[in-house]
Amino acid sequence: MKPIKVGLLGLGTVGTGVVRIVEGHQEDLISQVGSPVVIERIAVRTLDKQRNIDIASSKLTEDPWDVIDDPEIDVIVEVMGGIEPTKTYILEALERGKHIVTANKDLMALYGSEILAKAKYKRCDVFYEASVAGGIPIIRTLVEGFSSDRIMKIMGIVNGTTNYILSKMSQEGASYDDVLQEAQALGYAESDPTADVEGLDAARKMAILGTIGFRTNVGLDDVSVRGISSVSKEDIMYAKRLGYEMKLLGIAEYQDNEFNISVEPTMVKEDHPIASVNGVYNAVYVYGEAVGETMFYGAGAGEMPTATSIVADLVTVIKNIKLGINGLRELVSYTDSKVKQDENVFCKNFLLLQVEDKAGVLAQITQIFAEYQVSLESVLQTPDKHSKDVEIIIITHNASKASMNQVLSHFETLSAVRRIKSVYRVES
């Protein structure tokens, strides 16, 4: 049996996991694809680095072009990350007829359409399951499992760092800053956590899911992004008091050939399955027009979960090689959809207002909501422990984003409203 030869670009945590699985599961791989799978060449940053896996030094190179130009290599697994020179390496590998498996969410969110178009032209496969939600096979599910359905909504916890922080704040009453420091000490958060806590990582993943799920081209600029750095212990306390959990959710909705995608801290009703997803775990909820509600849960990162998704893609590529059908899976967008305007984006909202404690203020506030046609589900007034003012907690019924923006702008001009302390989306 002629072996299938694989090249790796990168040998960090995930790359090491890929080598472990490929070398340790040869019997399983041969039974699935009909031939051995061999890691032929690996591009690394430094040859003399200490590694926790035994690899023949003859397989290592510091020059990625040694992998790309090797005529014996059939498939390249890219786990080096970043945009450039990674994009150039992938496009040049495709030009040489090599198939690609990647975990690079940044690259696929920004340049996925270009890479996939190149792959289609060269009759090559590009699979990127591991770019979203680690070990959860969500991309494969959207492409294959929902191929006969029309997806109307995708809602997910797709960043483990922020979910860990919000879970700890909810369970222990800790502050954001304290939990962030703990997450950094445990290795769940980077020394510069901006991409995670400001929602940028989740936004890239939601752009990928929206593109696949809605069969349209979603750019990163099409995703509205708000992170968790402003979420306070008080916000978490009020959420729990009202029967909600706070989660950083990616939410993608599609209707009438228009889509809306956002990443934002969201209050989720405590009986919703996604509210019970804690720690560094991920979950993706998908609503199909025919199938209804489904949810997928699992490890969103880590060496072996992510490597498992990569090797699953690798198996699919090799099967396609055997069948001669590489490059035929259509992932290039084919619907011409547009982003919804604020007037057509509807959701429930939570507001926490600090207001002057005097007669008639609540009436003024409710009148403003009525003026912009926003109806109220519940209103709760409590003393403010730190001043002579009072706090008013409001949950609205579904209201357009445009109407809510008008309400908030009006509150800014009302002297009785001392401060708009918090505004969050509500999912029930």
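Residues numbered from 1 in each chain as written. Predicted model: local features only at pLDDT ≥ 70, side-chain atom pairs only at ≥ 80, totals over all residues. Heavy atoms only, no water.

Looking at an unreviewed UniProt entry, the protein carries the name Homoserine dehydrogenase, with the source organism given as Paenibacillus turicensis. Under the heading Catalytic activity (unreviewed entry), UniProt records this for the protein: "L-homoserine + NADP(+) = L-aspartate 4-semialdehyde + NADPH + H(+)". (UniProt positions renumbered as here; feature names shortened; annotations may be inferred.)

## Notes on the side chain of T294
Checked against the element boundaries, T294 lands in strand 12 (residues 292-299). Residue class for T294 comes out buried when judged on its relative accessible area of 19%. Residues in contact with T294, not counting those within four places in the same chain, are F146, V284, Y285 and V286. (Helix = DSSP H or I, 4+ residues; strand = E, 2+ residues; numbered from the N terminus. Buried < 20%, exposed > 50% of the residue type's maximum accessible area, 1.4 Å probe, protein only. Contact = heavy atoms within 4.5 Å.)

## Re the packing of aromatic side chains
Counted by the stated rule, this structure contains 6 aromatic pairs. Summarising the aromatic geometry, the rings of W65 and Y89 are spaced 5.4 Å apart at their centres and angled 85° between planes, so their arrangement reads as edge-to-face. Residue W65 is found in helix 3 (residues 64-68), and its partner Y89 is found in helix 4 (residues 86-95); the two are separated by 24 residues along the sequence. By relative accessible area, which is 29% here, W65 ends up partly exposed. For Y89, a relative accessible area of 11% corresponds to the buried category. Here K269 stacks its cationic end above the ring of Y244, 4.6 Å away from the centre of that ring. (Phe/Tyr/Trp six-rings, centres within 6.5 Å; stacked < 30°, edge-to-face > 60°. Lys NZ or Arg CZ within 6 Å of the ring centre and 35° of its normal.)

## Considerations on the sheet that holds strand 6 (residues 126-127)
Strand order in the open sheet formed by 6 strands is 3-2-1-4-5-6, with parallel pairing between adjacent strands. The sheet is open, and its two borders are formed by strand 3 (60-61) and strand 6, each paired with just one other strand. Both strand 1 (residues 4-9) and strand 2 (residues 37-43) contribute to a ladder of 6 bridges, which runs parallel. Bridge pairing in strand 2 places K5 opposite V38. (Pairing = 2+ DSSP bridges.)

## What about the packing of helix 7 (residues 160-172) against helix 8 (residues 176-186)?
Contact pair helix 7 / helix 8: the axes reach a minimum separation of 9 Å and the direction vectors enclose 130°. Classified by the interaxial angle, the pair formed by helix 7 and helix 8 is oblique. In the packing of helix 7 onto helix 8, the handedness of the crossing is right-handed. The residues of helix 8 that touch helix 7, namely those facing Y164, I165, K168 and M169, are Y176, V179, L180, E182, A183 and L186. Here the contact of helix 7 with helix 8 is composed, by residue class, of 8 nonpolar, no polar and 2 charged. (Axes fitted to C-alpha atoms, helices over the stretch in contact; angles between N-to-C directions. Parallel < 35°, antiparallel > 145°, perpendicular 65-115°, else oblique. Left-handed = near helix turned anticlockwise from the far one by under 90°. Nonpolar A, V, L, I, M, F, W, Y, C, P; charged D, E, K, R; others polar.)

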